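Observations on the model geometry
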Amino acid sequence: MAKLMCLCFIILTIAVAVSADECEGDRQAMIKECAKYQQWPANPKLDPSDACCAVWHKANIPCLCAGVTKEKEKIYCMEKVAYVANFCKKPFPHGYKCGSYTFPPLA
C-alpha cells in the first residue's frame, strides 16, 4: 500500500510539473509575440501579428489567467488583452475572470 501511495504521489508531482512548464512556455511565448499589443496605455489598440494570434490559439488561457496579478495588471491593459483575443478570434466569454479583471460582453 505504501508503494502505491508513493507511486501516486510521484505521478501527481510529474503532472503538476508538466502543467507548470506548459504554462510558463505559454507565458514566455505570449510575452515574446503579444506583449507590445497588450501593454498600457489603453489606446491606441493595434491589430496583433499573425504570430501573436498563433500563440493565442495554442495557449492555455485559464492557466495564464490564474497567474495574472495586480502587478501584471499594471503592465498589461486588460482591455487590450480582450481586443487581441477578439481580433484573434478566441474571445473571452462574458463574465470570464482573468486576474481581478472580469470581461464584459463583446461589443
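Before reading on, note that the structure itself is shown above.
Residues numbered from 1 in each chain as written. Predicted model: local features only at pLDDT ≥ 70, side-chain atom pairs only at ≥ 80, totals over all residues. Heavy atoms only, no water.

To continue, consider unusual backbone geometry. Of the consecutive residues Trp40 and Pro41, the connecting peptide bond is found in the cis state with omega at 5 degrees. When you line up the elements, Pro41 lands in the loop between helix H1 (2-38) and helix H2 (50-58). With an omega of 5 degrees, the peptide bond between Asn43 and Pro44 qualifies as cis. Within the secondary structure, Pro44 sits in the loop between H1 and H2. Of note, the phi angle at Lys89 is positive, near 65 degrees, even though the residue is not glycine. In this structure, Lys89 sits in the loop between helix H5 (78-87) and strand E1 (97-98). By relative accessible area, Lys89 is classed as exposed at 69%. (Helix = DSSP H or I, 4+ residues; strand = E, 2+ residues; numbered from the N terminus. Buried < 20%, exposed > 50% of the residue type's maximum accessible area, 1.4 Å probe, protein only.)

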